[in-house]
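# Structure assessment
The chain contents come next:
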4 protein chains.
Amino acid sequence: MTTTNIRDEYNLVRKLSETICEPLETEDYVPQPVPFVSPPKWHLAHSTWFFETFILKAFQENYEVFDPAYNFLFNSYYNNVGDRTLRTDRGNVTRPTIKNVYAYRQHVDTRMNELLANPPGDELLQLLRLGLQHEQQHQELMITDIKYILGHNPLFPVYQKQHNLVDDVNSENGFAALQEGVYEVGYAGEGFCFDNELGRHKTYIQNFEISKSLVTNAEYLEFMEAGGYQDFNLWLDAGWSWVNENQINAPLYWYKIDGDWHYYTLAGLQKVNPDAILCHVSFFEAAAFAQWKGMRLPTEFEWEVASGHFSWGQRWEWTNSAYLPYPGFSKASGAVGEYNGKFMINQMVLRGASVATSPNHSRNSYRNFFHTHERWQYTGIRLVK
Amino acid sequence: MTTTNIRDEYNLVRKLSETICEPLETEDYVPQPVPFVSPPKWHLAHSTWFFETFILKAFQENYEVFDPAYNFLFNSYYNNVGDRTLRTDRGNVTRPTIKNVYAYRQHVDTRMNELLANPPGDELLQLLRLGLQHEQQHQELMITDIKYILGHNPLFPVYQKQHNLVDDVNSENGFAALQEGVYEVGYAGEGFCFDNELGRHKTYIQNFEISKSLVTNAEYLEFMEAGGYQDFNLWLDAGWSWVNENQINAPLYWYKIDGDWHYYTLAGLQKVNPDAILCHVSFFEAAAFAQWKGMRLPTEFEWEVASGHFSWGQRWEWTNSAYLPYPGFSKASGAVGEYNGKFMINQMVLRGASVATSPNHSRNSYRNFFHTHERWQYTGIRLVK
Amino acid sequence: MTTTNIRDEYNLVRKLSETICEPLETEDYVPQPVPFVSPPKWHLAHSTWFFETFILKAFQENYEVFDPAYNFLFNSYYNNVGDRTLRTDRGNVTRPTIKNVYAYRQHVDTRMNELLANPPGDELLQLLRLGLQHEQQHQELMITDIKYILGHNPLFPVYQKQHNLVDDVNSENGFAALQEGVYEVGYAGEGFCFDNELGRHKTYIQNFEISKSLVTNAEYLEFMEAGGYQDFNLWLDAGWSWVNENQINAPLYWYKIDGDWHYYTLAGLQKVNPDAILCHVSFFEAAAFAQWKGMRLPTEFEWEVASGHFSWGQRWEWTNSAYLPYPGFSKASGAVGEYNGKFMINQMVLRGASVATSPNHSRNSYRNFFHTHERWQYTGIRLVK
Amino acid sequence: MTTTNIRDEYNLVRKLSETICEPLETEDYVPQPVPFVSPPKWHLAHSTWFFETFILKAFQENYEVFDPAYNFLFNSYYNNVGDRTLRTDRGNVTRPTIKNVYAYRQHVDTRMNELLANPPGDELLQLLRLGLQHEQQHQELMITDIKYILGHNPLFPVYQKQHNLVDDVNSENGFAALQEGVYEVGYAGEGFCFDNELGRHKTYIQNFEISKSLVTNAEYLEFMEAGGYQDFNLWLDAGWSWVNENQINAPLYWYKIDGDWHYYTLAGLQKVNPDAILCHVSFFEAAAFAQWKGMRLPTEFEWEVASGHFSWGQRWEWTNSAYLPYPGFSKASGAVGEYNGKFMINQMVLRGASVATSPNHSRNSYRNFFHTHERWQYTGIRLVK
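Residues numbered from 1 in each chain as written. Chains lettered and ligands numbered in written order. Predicted model: local features only at pLDDT ≥ 70, side-chain atom pairs only at ≥ 80, totals over all residues. Heavy atoms only, no water.

### Section: the relation of the copies chain D and chain C
Basically, it comes down to this: When the copies are overlaid, the least-squares fit takes in C-alpha atoms only where the residue has pLDDT of at least 70 in both copies. By definition, residues are in contact when any of their heavy atoms lie within 4.5 Å.
Rotating chain D by 180 degrees and translating it 0.0 Å along the rotation axis places it on chain C, where the RMSD comes to 0.0 Å. On this basis, the relationship between the two copies can be described by a two-fold rotation axis. Take the interface residues of chain D: 100% of them recur as interface residues in chain C, which is what a same-surface contact looks like.

As structure tokens, this is what we get:
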């Protein structure tokens, strides 16, 4: 990959973040309705802060920070980089305005382009790739956070009339059978990968059959109509508490209106399409559905070794694997080491990618992870028997 | 008062709300950092909803509501007018945009001016006056809520460089002595007053002396330096819990920077002016300070009968009277009856007015009320011995 | 009153506390099911600690405390006397055992009897009276706390089969009318009274008529059947939140079993007696019921000046007066000064006495006080029109 | 195993529960200081309820339940067996008394001995074994819950002066090295095991070295003195929140008194013995300590395959494996199926046994599990490099 390429790639990725925000009104950039959803403005600034902090301050001679207060405002969770705004307070910070944030992006992009005029060394290149992957991760969060903000507005505003992030159907059917034995898992290629995908190692897997299709709305409606949300025998104990404390009776964004199930999409509120792939379910719901079907979720390694047997990328797929380090995992020193390792507890792995995932961002060794009750991502279910 | 006058008055009051918001950025209109602070956008819409709901829908023939969803969005607490947005969710409603809200105001103002082209009947006039007083109350809240939003931003943005809502000093000194006896309290005039000020009645008051000046920053600093926030003997039991649970050690908006006390004002952060009248203290702080001085707060009736002996209007003044109904109080039927009566419990009365109070809004029988821990209003202390 | 008398009185009061606990099993002495209910063991020890701390340590030469750890364990809220067990942790302290606590009582009683062998001086006598009144207050709390512990046990255990603390009916009917004018209120006698009843002072009262009878179960059932708990217009705003958050639909201890209302009494579960005086309602319920009746609760002064016109003592009666200091109130210095004054905020006054009140403890100037949602005391309703 | 043996075994196990409670005062049986600690009385009754519900009611002809209310009172979490006392309310149920509970045990034991007079069939035998294992699990909880109740009492009462549940030292040193390859894990014997240990299956393990000794107090003190609790880089993100929210700075039961670290043991408060094996740490602390040492915790499979190379049984040992089902796991139908499967989420596996574990209860395939913040069990740390 030549120098030109990496600068072009930088500009391409950076541009996409702004394209995602184009349909927004200024007001939409501001709120943080729940702690796990961040304001779009914050995403735009934080991904910029990442380049400023880890690259420009380290590699650009005489770099002057755009505004010294921004380190406090737009640090997400890097304890090594100083104090920061409480995560729950991001929605109350009205200044800098969105206009200021775009100026901040402009400033950093200009300096980054200057820096990338010359071929970057290895260390810089590596950080650069991390920064771009990082921004891509925030691009997916921006889409799901925007959906959360608009989807909880009583007016159900349309994000984009012709939006593609809506429905998707299965192209394959049936099950793929895999044989018991020793398999290798983990990233093996030459390109970028996260530290949590390393190192490639052997694992022993028993015979299993994995579905080539994802669970559809029609199948899930059957579960709902069979009283799935009322039968404690189907649920993990913590899942049953979650259902009852939050009075859950349908996937996120589903609303029963005049007797019909509707769901909110970025193209607006519409009737649930029974053929479409089910979306916005928690791990708890995925596990209860599998139990009801008399099947189970795949482990992340089953998923990885079988991934060549089906097409994927339409939904993040819950696995029954806890997010834990691979053998030989060790975290990088300094702030960059806080990227993945410290989250390896009490979360479950998701494999695949979603319609909201940025192009070329995922791969079959990619380990996404969320808490068992979270469902504002594009999450779906694949079964194993 | 002629018809022309009431329409002019309507337009004048309505205009002031928009003037208050002029210095804001669009982002500043959105957030609700704590449940008791409402977004400026919400104030602008809710005061408009009041006229639409209680006047246009009732008195304007064939009135078409601007948007049927707004009743749900901008009802504050009127159970008689249907369901409403949870009070804690006001900051997450990004649509309608602020532009929409100004269009809503425009729409209602146009129809109101049409309606007021003819002399209003008594019932309409009464509701109109209530609506204007209501909007004036929200104007004061807009100012204090804007101060809260900007004053909790790490950048301490300036609202208006030359703003008058800053400091104020006492013009009088000493104490006024009043004689024991039967006095009359409650509203007695011809103009508008709230139901909670009626009916005028006799009360028996003992001898007392009331200060002609309000407590200053210098006096309060003395209390702080004497360990006032650390001495439980000075505090009400509930106040002592409040101090400890919230780690209170100064009035709201006070920050110690490099050894000096500063406070946030709408003109920006500045050094505490010792001569200025103390502001932004809770009832708990007021009561502890009075205890430390060996004095006490006035009752609301002491304040009222003495109010001719000092000038007032610079700060809302905490009294030691609970907010309870006057003899013979009865609430109006329907939604308008929800205005005052249902809040008459567990709050304390404040008398006076503040620099944020709209012109001609207060009077010496006016009963303002807040909870004992609240202090984001312009609240101060007057002592009695 | 002679020395013999005060010693006899001391022994009489002390004995009653133990008589109250006689029907208990050891286990019943331990728990604290909610923060406002204290374990009977704690009451027995705390009232003893009061005599040890404020009298024996001060007046008995060479007094050795029974156990130095008890000051920490059995101090209730006196900040001046050192650290203490968190109020919410009282139910977890299994040691000292109840046997130890009775030994503690024995120890203190022996030394107190020695001390009282000689005529006490004025200061001692005053503290002694306070200690006895204090123990009597805890005797009433012991009864209501025992009722709470047993009444929330799914087995509804009987405290005493023949218990007198059950039902009571009205002996009078109709209303007494009082004339507008200046009245005197506050304690005026020679005997003991609390600091919150002093000093006697003039107050102006308007014409009013006060019911000679308390509200009965039958009357309250009418309110319930008329949908009283569902009609927000009847409730204070904070009361309406309380009803909804706690799903309140009947007085405390009422259970609907097979279509009939029952209530738990210290003689066991029984059918609600319609003629009996209503009991265990919160201030919120009292206020809503009055609103429904088109009447109101008396102020504490109305109650006091009218108290000669009806018999009282069957139930503590909610007034619409906030618990605030009388003119000229000042708290004693030191720990004893923490007795009343620091609680004078956000509570309402109750007047009268209940079947659980110790003999000769109350009087018509007595000011009891609880928070607006509390109802585990024997609380009832008297109306004014 | 003959019929006589199983009856003897039954009586032996049942007796041990009562022996454990012998040193208690009646009061100690009652409280539930935190939701995860149950009252000893409840353990005694609940383990009895298990035999009554799953065996006597099913296998004993004409069995009459001791008290129909007990099903509600002493069901722990079996949704299939009806409603139950809220888990957080166990400490408030003073009746039945402890005397009643012992009568309940007596009643059930008599009928069980009658039932076991004849050789039990297979189904009964299996349930019986489950019931005994279940009671043994509660025996360990009884010990740790008693320790919690007494260890949080400001008097630090002694449970047993000569108690053996105190200190233990390592008998071995150094590391055992194991070779990469396919291993079998899971229960393989003939005797009783839990469903979560089945079925035995192959797993691939990389080279590793595992310590033959457990971490000692001295080693952990080094970590503490090196600032381990203050260095966020050592902690998982959730662990760092836990440390800060709970102000954790030492293992549970450690108290610094006059500059020296003490800990509470069942023989009373004593100075920390540096040579003793560290105990009462959470998973978070175990993980942070391992990080500080530059090592890691074993996985549960590493532990299992290496367990022949060291002696174990002194402390439950945290592994870095999430508690998840083995391949082919399926839960039994009915209430017994609620035993293990529904807890397989967001908990970590512990291997080994502790000094509080009942004799013959554990084995090297045994999977214990707790949440990452829990540390009132006898939990310790073994490292891997």
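### Some details on the side chain of H138 of chain D
All names here are of chain D. As a reminder, the rule being used: The numbering of helices and of strands both runs from the N terminus, where a helix is a DSSP run of H or I of at least 4 residues and a strand a run of E of at least 2. The rule is simple: take the accessible area with a 1.4 Å probe, protein chains only, and divide by the maximum for that residue type; under 20% is buried, over 50% is exposed, in between is partly exposed.
Topologically, H138 is positioned in helix α5 (residues 122-151). With a relative accessible area of 10%, H138 lands in the buried category. Aside from chain neighbours lying at most four places away, what touches H138 is W42, H43 and H46.

### Quick notes on the domain arrangement of chain A
Residue and element names in this part refer to chain A. Put simply, the rule is: Residue ranges assigned to the domains are those given by an automatic or database domain assignment. The term buried area denotes the loss of accessible surface (1.4 Å probe radius) that occurs when two parts are joined, taken as the sum for both partners. Residues adjacent in sequence count toward polar contacts only when both atoms are side-chain atoms; beyond that, a polar contact is any pair of N or O atoms within 3.5 Å, and within protein one must be able to donate a hydrogen and the other to accept it. Under the scheme applied here, ten amino acids are nonpolar (Ala, Val, Leu, Ile, Met, Phe, Trp, Tyr, Cys and Pro), four are charged (Asp, Glu, Lys and Arg), and all others, including Gly, are polar.
Partitioning chain A into domains gives domain 1 (3-151) and domain 2 (175-380). Overall, the association of domain 1 and domain 2 removes approximately 2600 Å² of surface from exposure, summing both partners, and the carbon and sulfur fraction of that is 61%. On the domain 1 side of the contact with domain 2, Y77, E140 and K147 bury the most area, a combined 27% of that side's loss. At the boundary of domain 1 and domain 2, one finds 13 residue pairs in polar contact (both at pLDDT 80 or more). Those elements that provide at least two residues to the side of domain 1 that touches domain 2 are α2 (40-59) and α5 (122-151). With 17 residues, the top contributor of residues to the side of domain 1 that touches domain 2 is α5. Residue composition of the side of domain 1 that touches domain 2, by class: 14 nonpolar, nine polar and four charged.

### Concerning the relation of the copies chain A and chain D
Laying chain A over chain D is done by rotating through 180 degrees and shifting 0.0 Å along the axis; what remains is an RMSD of 0.0 Å. A symmetric contact is evident, with 100% of the interface residues of chain A recurring at the interface of chain D.

### Some points on the interface of chain D and chain C
The condition that has to hold: Put simply, a salt bridge is a Lys or Arg side-chain nitrogen that is within 4 Å of an Asp or Glu carboxyl oxygen.
Facing the 27 residues of chain D at the interface are 27 residues of chain C. A combined buried area of about 2200 Å² lies between chain D and chain C, and 63% of that area is made up of carbon and sulfur atoms. Counting the contacts that link chain D with chain C gives two salt bridges. D28 of chain C is paired through a salt bridge with R95 of chain D; the nearest N and O atoms lie 2.6 Å apart. The tally of links between chain D and chain C comes to eight residue pairs in polar contact (both at pLDDT 80 or more). Elements supplying a minimum of two residues to the side of chain D that touches chain C: α3 (70-74), α4 (98-115) and α5 of chain D. Taken together, the residues of the side of chain D that touches chain C break down into 15 nonpolar, seven polar and five charged.

### Here we look at the packing of helix α2 (residues 40-59) of chain B against helix α4 (residues 98-115) of chain B
All names here are of chain B. Selection rule: Structural elements are reduced to axes, namely lines fitted to C-alpha atoms, with helices fitted over the stretch in contact, and the angle between N-to-C directions of any two is expressed from 0 to 180 degrees. Angular relationships are summarised with four words: roughly parallel below 35 degrees, roughly antiparallel beyond 145, roughly perpendicular across 65 to 115, and oblique for the angles in between. Crossing chirality is assigned from the near helix's rotation relative to the far helix, an anticlockwise turn below a right angle marking it left-handed and a clockwise turn marking it right-handed.
Running from N to C, α2 and α4 cross one another at 30 degrees; their axes reach a closest spacing of 10 Å. Judged by the inter-axis angle, α2 sits roughly parallel to α4. You can see that α2 and α4 cross each other, and the crossing is left-handed. Of the residues in α4, those touching α2 at K41, L44, A45, S47, T48, W49, F51, E52, I55, L56 and F59 are I98, V101, Y102, Y104, R105, V108, R111, M112 and L115. Of the residues assigned to the contact of α2 with α4, the class counts are 14 nonpolar, two polar and four charged.

### So, the environment of N153 of chain A
Residue and element names in this part refer to chain A. You can see N153 is positioned in the loop between α5 and β1 (175-178). With a relative accessible area of 1%, N153 lands in the buried category. At 2.8 Å, the side chain of N153 and the backbone nitrogen of L155 are in polar contact.

### Considerations on the packing of aromatic side chains
Which entries qualify depends on this criterion: Side-chain rings of Phe, Tyr and Trp (the six-membered ring for Trp) are treated as a pair once their centres are within 6.5 Å; stacked means planes under 30 degrees apart, edge-to-face means over 60, and tilted covers the remaining angles. The criterion for a charge sitting over a ring is simple: Lys NZ or Arg CZ within 6 Å of the ring centre, and within 35 degrees of the ring normal.
One pass over the structure, following the stated rule, counts 154 aromatic pairs over all chains. Judged by centre distance (5.8 Å) and plane angle (75 degrees), the rings of W49 of chain B and F54 of chain B are edge-to-face. On the basis of relative accessibility, which here comes to 1%, the residue W49 of chain B falls in the buried class. Judged by relative accessible area, F54 of chain B falls into the buried class, the value being 11%. Seen in terms of ring centroids, Y70 of chain D and Y104 of chain D are 4.8 Å apart; in terms of plane orientation they differ by 85 degrees. Their pairing is edge-to-face. Of this pair, Y70 of chain D sits in helix α3 while Y104 of chain D is found in helix α4, placing the two residues 34 residues apart along the sequence. Using a relative accessible area of 3% as the deciding quantity, one classes Y70 of chain D as buried. Ring pairing ties together the aromatic residues Y220, F223, Y229, W235, F289 and W292 of chain A, which thus form one cluster. Its end group placed over the ring of F310 of chain A, R382 of chain A keeps NZ or CZ at 3.7 Å from the ring centre. Just above the ring of F175 of chain A sits the side chain of K385 of chain A; from NZ or CZ to the centre is 4.3 Å.

### Side note on the sheet that holds strand β7 (residues 268-271) of chain C
All names here are of chain C. Here is the rule we go by: Two strands qualify as a pair provided that DSSP identifies no fewer than 2 bridges between them.
In space, the three strands of this open sheet follow the order β5-β6-β7, with antiparallel pairing throughout. Each edge of the open sheet is held by one strand with a lone partner, namely β5 (254-257) and β7. Averaged over all adjacent pairs, the angle separating strand axes in this sheet is 35 degrees, with direction ignored. Inspection of the sheet shows strand β6 (residues 260-265) paired to β7 by four bridges, in the antiparallel sense. Bridged to Y263 within β7 is Q270.

### Focus on the sheet that holds strand β7 (residues 268-271) of chain D
Residues and elements named next belong to chain D. With respect to topology, three strands assemble into an open sheet ordered β5-β6-β7, the strand pairing being antiparallel. Edge positions in the open sheet fall to β5 (254-257) and β7, since each of these has one partner strand only. The sheet shows a mean angle of 35 degrees between the axes of neighbouring strands, direction not considered.

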